[in-house]
Amino acid sequence: QQILIIMDAFLGQWKMVSSENFDEVMQKLGVGFLTRKAGNTLKPTMTVTDLGNGKFNMKTSSTFKTTEFTFTFGEEFSEVTPDGRTVKSTITMEGSTMKQTQVDDKHTTYVERVVEGNLMKTTVKVDDVTCFRNYEKC
């Protein structure tokens, strides 16, 4: 029940307004040059939806690509990332921080999302490289 109250802040549509160090994270993950350049120019929109029964949907849309996945907190699921990698993901909620772990055969990526007012602050960490992306509520 507590998770549902916290998740309420994440629900809705979010437009990316800033991104710092994203190219370095993609490079660390082995993403090719052209995909990285395209990824750095995009300002994707993320939509988080409550599907009921403890399931949520997260959809990321841009002019380049749309990806989405459905998750239940604490349950591992298969996800295809926007750069085309297939990963095993798990999402948990610790306090008011949504934590996502993505594991493939080469890397583990840690994503943390926190809502502060009208802003969703996202931190992405791969090995020793960290990226910060901020989304504003639409």
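Residues numbered from 1 in each chain as written. Predicted model: local features only at pLDDT ≥ 70, side-chain atom pairs only at ≥ 80, totals over all residues. Heavy atoms only, no water.

Draft legend 1. Structural detail: the pattern of salt bridges. Within this structure, the stated rule accounts for seven salt bridges. Residue Asp83 is joined to Arg85 by a salt bridge in which the shortest nitrogen-to-oxygen separation is 2.8 Å. On the accessibility criterion, Asp83 (26% relative accessible area) is partly exposed. A salt bridge links Lys99 to Glu94; the shortest N-O distance between them is 3.2 Å. Residue class for Lys99 comes out partly exposed when judged on its relative accessible area of 25%. Several salt bridges share partner residues, and in doing so they unite Asp83, Arg85 and Asp104 into one network. (Salt bridge = Lys/Arg side-chain N within 4 Å of Asp/Glu carboxyl O. Buried < 20%, exposed > 50% of the residue type's maximum accessible area, 1.4 Å probe, protein only.)

Draft legend 2. Representation of the environment of Arg36. Position of Arg36 among the secondary structure elements: in helix α3 (residues 33-41). A relative accessible area of 10% places Arg36 in the buried class. Sequence separation between Arg36 and Phe10 is 26 residues; the distance between their C-alpha atoms is 27 Å. Once residues within four sequence positions are removed from consideration, Arg36 is found in contact with Asp23, Met26, Gln27 and Val31. (Helix = DSSP H or I, 4+ residues; strand = E, 2+ residues; numbered from the N terminus. Contact = heavy atoms within 4.5 Å.)

Draft legend 3. Seen up close, the state of the cysteines. For the coordinates displayed, the defined rule picks out zero disulfides. No disulfide involves Cys131; its sulfur sits 19 Å from the nearest other cysteine sulfur, which is in Cys138. Overall, the relative accessible area of 59% leaves Cys138 in the exposed class. (Disulfide = S-S within 2.5 Å.)

Draft legend 4. Summary view of unusual backbone geometry. Even without being glycine, Asn53 reaches a positive phi, approximately 55 degrees. Note that Asn53 resides in the loop between β2 (45-52) and β3 (55-61). Relative accessible area serves as the criterion here: at 82%, Asn53 is assigned to the exposed category.

Draft legend 5. Fine view of the nonpolar core. With 18 residues, the main nonpolar core has Met7, Phe71, Phe73 and Met98 as its most contacted residues. Secondary structure elements with two or more residues in this core: α1 (2-7), β1 (12-20), β2, β3, β4 (66-72) and β6 (86-94). Not counting the four nearest positions on each side in its chain, Met7 is found in contact with Val48, Phe56, Phe73, Met93 and Met98. Val25, Val31, Val111 and Val124 belong to the second-largest nonpolar core, a separate cluster that totals 10 residues. (Core = buried A, V, L, I, M, F, W, Y, C linked by side-chain atoms within 4.5 Å.)

Draft legend 6. Region of the structure containing the sheet that holds β1. Strands sit in the order β4-β3-β2-β1-β10-β9-β8-β7-β6-β5 across an open sheet of 10 strands; the sheet is antiparallel. Lying at the two open borders of the sheet, with one neighbouring strand each, are β4 and β5 (77-80). Across the sheet, the mean angle from the axis of one strand to that of its neighbour is 25 degrees, orientation sign disregarded. (Pairing = 2+ DSSP bridges. Axes fitted to C-alpha atoms, helices over the stretch in contact; angles between N-to-C directions.)

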